Amino acid sequence: MAVSTARIATPNGRRYMTQLCKHWAHKFEVAYDEAQGLVPFAPDRRCRMAADAEGLTLTLEVEEEGQMERMQGVVIDHLKRFAFREDLGEVAWAPAG
């Protein structure tokens, strides 16, 4: 499984994580609390989120490496829609491990 992470510095990490989880809950079996969230897009694709006072950490796990770039784009596109009042800058993904 390929794993990629991104850290977004923002004081609104918890709010954005909650919004993302609620948004995707209409399609997927989402689980979240104040500090973390999980969106299982499919059996072979999921996004884990961890929020704290300084930001939001996103971890994407995909079975096929070829899906990674597309999934990164989907997650960041949705995040930036919720964070339209804030410039999150360029989000840098890095392979985990």
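Just above sits the structure.
Rules used in this analysis
Residues numbered from 1 in each chain as written. Predicted model: local features only at pLDDT ≥ 70, side-chain atom pairs only at ≥ 80, totals over all residues. Heavy atoms only, no water. Helix = DSSP H or I, 4+ residues; strand = E, 2+ residues; numbered from the N terminus. Contact = heavy atoms within 4.5 Å. Expected span 1.5 Å × (residues − 1). 1 Å grid on protein atoms, 1.4 Å probe; cavity = no way out; pocket = protein on both sides within 12 Å on 5 of 7 lines; lining within 4 Å. Points joined across faces, edges and corners; volume = space filled by probe spheres on them. Nonpolar A, V, L, I, M, F, W, Y, C, P; charged D, E, K, R; others polar. Salt bridge = Lys/Arg side-chain N within 4 Å of Asp/Glu carboxyl O. Buried < 20%, exposed > 50% of the residue type's maximum accessible area, 1.4 Å probe, protein only. Axes fitted to C-alpha atoms, helices over the stretch in contact; angles between N-to-C directions. Left-handed = near helix turned anticlockwise from the far one by under 90°.

K.L.:
Mind showing me how you'd approach the side chain of Gln-72 here?
P.N.:
Relative to the helices and strands, Gln-72 is located in helix 2 (residues 68-82). Gln-72 has contacts with Ser-4, Leu-60 and Trp-93, leaving out every residue within four places of it along the chain.

K.L.:
Looking at this structure, I do not really get helix 1 (residues 13-24). What am I missing?
P.N.:
Along an α-helix, a turn takes 3.6 residues, which lines up residues three or four apart on a common side. The end-to-end C-alpha separation of helix 1 is 17 Å, in line with the 16 Å expected for 12 residues at 1.5 Å each. Considering only its buried residues, helix 1 is in contact with strand 2 (31-32), strand 3 (36-42), strand 4 (45-52), strand 5 (55-62) and helix 2.

K.L.:
Got a minute to help me understand the layout of surface pockets in this structure?
P.N.:
The space that makes up the largest pocket amounts to roughly 200 Å³. For the largest pocket, the full set of lining residues is His-23, Trp-24, His-26, Lys-27, Phe-28, Phe-41, Arg-45, Arg-70, Met-71, Val-74 and His-78. Every element with two or more residues in the lining of the largest pocket is listed here: helix 1 and helix 2. Looking at which element gives the most residues to the lining of the largest pocket, the answer is helix 2, with 4 residues. In the lining of the largest pocket, the residues fall into 5 nonpolar, 3 polar and 3 charged.

K.L.:
Would you mind going over the pattern of salt bridges with me for this structure?
P.N.:
Side chains that differ in charge, positive against negative, can pair when their charged atoms come close. Taken as a whole and assessed by the stated rule, the structure comprises 5 salt bridges. Residue Asp-52 is joined to Arg-7 by a salt bridge in which the shortest nitrogen-to-oxygen separation is 2.9 Å. Of this pair, Asp-52 sits in strand 4 while Arg-7 sits in strand 1 (residues 2-9), placing them 45 residues apart in sequence. Given the relative accessible area of 41%, Arg-7 is considered partly exposed. Between Arg-45 and Asp-44 there is a salt bridge, with the nearest N and O atoms lying 3.4 Å from each other.

K.L.:
I'm lost on the packing of helix 1 against helix 2 in this one. Help?
P.N.:
Two elements in contact, helix 1 and helix 2, have axes separated by 10 Å at closest approach and are oriented at 115°. As helix 1 runs across helix 2, the sense of the crossing is right-handed. Two secondary-structure elements touch here, helix 1 through Tyr-16, Gln-19, Leu-20, His-23 and Trp-24 and helix 2 through Val-74, Val-75, His-78, Leu-79 and Phe-82. Residues of the contact of helix 1 with helix 2, tallied by class, amount to 7 nonpolar, 3 polar and no charged.

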